[in-house]
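Structure at a glance
Below, each chain spelled out in residue letters.
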There are 2 protein chains.
Amino acid sequence: MKRILLTISYDGTSYHGWQIQPNAITVQQVLSDSVSNVLGTNTAVTGCSRTDAGVHANEFCCHLDCADNIPENAFLKGLNSVLPNDIVVKGCKTVSNDFHARFSAKGKEYVYRTILEEAKNPFYLRYALPIKKEIDFDAVNKFCNSIVGTHDFVAFSSSGRTVESTVRTVTACEMRKEGDFSNLYISADGFLYNMVRIIVGTALDVSLGKLSPDCAEEIFATNSREKAGKTVAPQGLFLNKVFY
Amino acid sequence: MKRILLTISYDGTSYHGWQIQPNAITVQQVLSDSVSNVLGTNTAVTGCSRTDAGVHANEFCCHLDCADNIPENAFLKGLNSVLPNDIVVKGCKTVSNDFHARFSAKGKEYVYRTILEEAKNPFYLRYALPIKKEIDFDAVNKFCNSIVGTHDFVAFSSSGRTVESTVRTVTACEMRKEGDFSNLYISADGFLYNMVRIIVGTALDVSLGKLSPDCAEEIFATNSREKAGKTVAPQGLFLNKVFY
């Protein structure tokens, strides 16, 4: 047996997130079914993380084990021929047998896309959050800088998933104008449940002047979820890169 | 009463085309309901053409009549606040009372987008046709040039809609590489049912060498639907411009 790392991209609109669950269509389920179909044997696929319902991935990584004689290139083509159009395999390579898509990952980058309502284009509706006012980039990036570093991000997370520690290290956080979009990029060694969407909700409140650019200090000091912004909608969120 | 011209853009994925029909959600129905809601009175909206289920519009024009004191700018904003995100009003202006969205139109331009399967991106799946081989632009544009002019396009149409004449004048037809996409642009004074999708299907057969770049000559001579290519899928098709 050899271990294969698949790099995929998906439009999450039609899926209840990555992780297999009963009575719902998930990316992991569809990919695992397609892999099993192409290999002719039931094969589990292990992902680098969960993504929520409606969240997309420009780059998502997962691994699987298969017979040594499976040719990577033909396997990639075979997979893309059976997968639905909203999941695309971009890369397929053999890795060492102790590689693990989740535990070997050193970090990940997400991007959250927003678009001014007045620039709203019906073709963006699944891939960006419409906002009413221009972003105040100075204020937002002051806030973004203030969350870089190692902090307890419990106030920037939703309950509902149990993790041992809520301390994470954010290595980069910045909002940038890109064409019609204002995009918040954030990299960290790991992310809590809804962490990016709450950080973006807080950044948008900072942009509107509802929260101070310095608000993170008090949020970290009190660990109070109520002091942070709301959880923004999933459709603007993309897993963008996985670092190994 | 005054007459207003609305310029809209829509993602046709969720709609059974433009035209109101029983037991199906259409763009005309949703727009007419929204207009009636904002104006507080039942108001019909007349479109520049029909579009098929799943077809999109970068620019679609329609007219309606309303009280003289309706302010255009506020009306546009009000409409966008009640419309779903996949229909956007881009422009709103008063026109003369004898203007008619359909009968005043001198012509229209459509664009059909294709994308190489190997460049396939899951975020394009609703907005382009995946194709397996690079386009042979020389061959395709030779075919495109051969259909420019006034011809009986009955062989490039599907039965199912009754029109008095099947003669149309194509004023421009060209396929161009634009980023990851190969896009066929076609302008004419009018289009028959499925005309663009059959012309594109024929162009793709020419690209693959299944049909000769000169095939239009025989198709026009015989008026034989069977000699043209198949009707390609709707998701790559966009109404792009309306000429008045």
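We now turn to the structure provided with this report. (Residues numbered from 1 in each chain as written. Chains lettered and ligands numbered in written order. Predicted model: local features only at pLDDT ≥ 70, side-chain atom pairs only at ≥ 80, totals over all residues. Heavy atoms only, no water.)

1. Digging into the overall build of chain A
What chain A contains, in helices and strands, is five helices and ten strands. For 244 residues, the compact-globule formula gives about 18 Å, and the C-alpha radius of gyration of chain A, at 19 Å, lands near that figure. Its C-alpha atoms put chain A at 60 × 40 × 30 Å along the principal axes. Taking the intrachain contacts of chain A between residues at least 6 apart in sequence as the baseline, contacts between residues at least 24 apart amount to 71%. As displayed, chain A has an accessible area near 10900 Å², and 47% of this comes from carbon and sulfur atoms. Taking the 25 positively charged and 26 negatively charged side chains of chain A as two groups, their mean positions are separated by 3 Å. (Helix = DSSP H or I, 4+ residues; strand = E, 2+ residues; numbered from the N terminus. Rg over C-alpha atoms; globule rule 2.2 N^0.38 Å. Contact = heavy atoms within 4.5 Å. Areas by Shrake-Rupley, 256 points an atom, 1.4 Å probe, with all protein chains shown as cover. Lys, Arg positive; Asp, Glu negative; His and termini not counted. Charge placed at Lys NZ, Arg CZ, Asp CG, Glu CD.)

2. Details of the interface of chain B and chain A
Listed per partner, the contact involves 23 residues of chain B and 23 residues of chain A. Here chain B and chain A share an interface that buries about 1800 Å² over both sides, 57% of which is from carbon and sulfur atoms. On the chain B side of the contact with chain A, Asn85(B), Lys120(B) and Phe123(B) bury the most area, a combined 37% of that side's loss. In this structure, the connection of chain B to chain A is made through two salt bridges. The salt bridge involving Arg126(B) is made with Asp11(A); its shortest N-O contact spans 3.0 Å. Joining chain B to chain A, the criterion identifies four residue pairs in polar contact (both at pLDDT 80 or more). Of all the elements in the fold, those that place two or more residues in the side of chain B that touches chain A are strand E1 (2-10), strand E3 (56-66) and strand E4 (87-95) of chain B. Class assignment for the residues of the side of chain B that touches chain A results in ten nonpolar, eight polar and five charged. (Buried area = accessible area lost by both parts, 1.4 Å probe. Salt bridge = Lys/Arg side-chain N within 4 Å of Asp/Glu carboxyl O. Polar contact = N/O pair within 3.5 Å; in protein donor to acceptor, adjacent residues only side chain to side chain. Nonpolar A, V, L, I, M, F, W, Y, C, P; charged D, E, K, R; others polar.)

3. Brief notes about the packing of helix H3 (residues 137-147) of chain B against helix H4 (residues 195-207) of chain B
Residue and element names in this part refer to chain B. Taken N-terminus to C-terminus, the directions of H3 and H4 make an angle of 140°; their axes are 8 Å apart at the nearest point. As judged from the angle between their axes, H3 and H4 are oblique. Every pair of crossing elements has a handedness; the one defined by H3 and H4 is right-handed. Seen from H3, the contacting residues are Ala139, Val140, Phe143 and Ile147; seen from H4, they are Ile199, Thr202, Ala203, Val206 and Ser207. Grouping the amino acids of the contact of H3 with H4 by side-chain chemistry returns seven nonpolar, two polar and no charged. (Axes fitted to C-alpha atoms, helices over the stretch in contact; angles between N-to-C directions. Parallel < 35°, antiparallel > 145°, perpendicular 65-115°, else oblique. Left-handed = near helix turned anticlockwise from the far one by under 90°.)

4. Observations regarding the pairing of E1(B)
Residues and elements named next belong to chain B. A large share of E1 lies buried, amounting to eight of its nine residues. Relative to E3, E1 runs antiparallel, the two being bridged by eight bridges. For threonine 7, the partnering residue across the bridge sits in E3 and is cysteine 61. Sheet analysis places E1 next to E4, joined by eight bridges and oriented antiparallel. (Buried < 20%, exposed > 50% of the residue type's maximum accessible area, 1.4 Å probe, protein only. Pairing = 2+ DSSP bridges.)

5. Looking at H4(B)
Because the α-helix completes a turn every 3.6 residues, residues three or four places apart line up on one side. All names here are of chain B. Taking 1.5 Å per residue, 13 residues should reach 18 Å; H4 reaches 18 Å between its end C-alpha atoms and fits that length. Taking burial as the measure, the 13 residues of H4 include 13 buried ones, the bulk of the element. Looking one or two residues past H4, glycine 209 carries a phi angle of roughly 80°, positive in sign. (Expected span 1.5 Å × (residues − 1).)

6. Here's the deal with the relation of the copies chain B and chain A
Mapping chain B onto chain A leaves a residual RMSD of 0.0 Å; the transformation is a rotation of 180° accompanied by 0.0 Å of translation along its axis. Here the copies are linked by what is in effect a two-fold axis. Relative to the rotation axis, the C-alpha of Phe123(B) is the closest in chain B, positioned 5.1 Å from it. The overlap is high: 100% of the interface residues of chain B also sit at the interface in chain A, so the same surface is used on both sides. (Least-squares fit on C-alpha atoms with pLDDT ≥ 70 in both.)

7. Some words on the environment of Thr46(A)
Here Thr46(A) shows up in strand E2 (residues 46-47). For the pair Thr46(A) and His100(A), spaced 54 residues apart in sequence, the C-alpha separation works out to 8.0 Å.

8. Comments concerning the side chain of Arg168(A)
Residue and element names in this part refer to chain A. Secondary-structure assignment places arginine 168 in strand E8 (residues 167-178). Buried within the structure, arginine 168 lacks any salt-bridge partner; aspartate 189 is the closest side chain of opposite charge, at an N-O distance of 5.1 Å. A polar contact of 3.0 Å, which involves the side chain of arginine 168, links it to the backbone oxygen of serine 165.

9. Digging into the environment of Gly201(B)
Residue and element names in this part refer to chain B. Within the secondary structure, glycine 201 is located in helix H4. Residue glycine 201 is classed as buried on the basis of its relative accessible area of 3%. In this structure the C-alpha to C-alpha distance between glycine 201 and tyrosine 110, which are 91 residues apart in sequence, comes to 14 Å. Excluding residues that lie within four positions of it along the chain, glycine 201 makes contacts with Gly229, Lys230 and Val232.

10. Thoughts on the state of the cysteines
Per the counting criterion, the structure on display carries zero disulfides over all chains. Not part of a disulfide, Cys144(A) finds its nearest cysteine sulfur in Cys173(A), a span of 3.5 Å. With no disulfide partner, Cys66(B) has as its closest neighbouring cysteine sulfur the one in Cys92(B), 7.6 Å distant. A residue is classified by how much of its surface remains accessible, and Cys66(B), at 3% relative accessible area, is buried. (Disulfide = S-S within 2.5 Å.)

11. Considering the side chain of Asn141(B)
All names here are of chain B. Locating asparagine 141 in the fold gives a position in helix H3. The exposure class of asparagine 141 is buried, given its relative accessible area of 18%. Within the structure, the side chain of asparagine 141 is placed 2.8 Å from the backbone nitrogen of methionine 175, a separation counted as a polar contact. The residues contacting asparagine 141, other than those within four sequence positions of it, are Glu174 and Met175.

12. Topic: helix H5 (residues 215-222) of chain A
Residue and element names in this part refer to chain A. Of all the residues in H5, the buried ones are Cys215, Ala216, Ile219 and Phe220. An end-on view of H5 places all buried positions within 130° of arc, on one side of the element. Set apart from the buried face of H5 by more than 90 degrees, the exposed residues are Glu217 and Ala221. Turning to H5, the residues buried within the fold contact helix H3 (137-147), strand E7 (149-152) and helix H4 (195-207). Note on H5: the residue one or two positions beyond its end, asparagine 223, has a positive phi of about 50°. (Arc of directions from axis to C-beta.)

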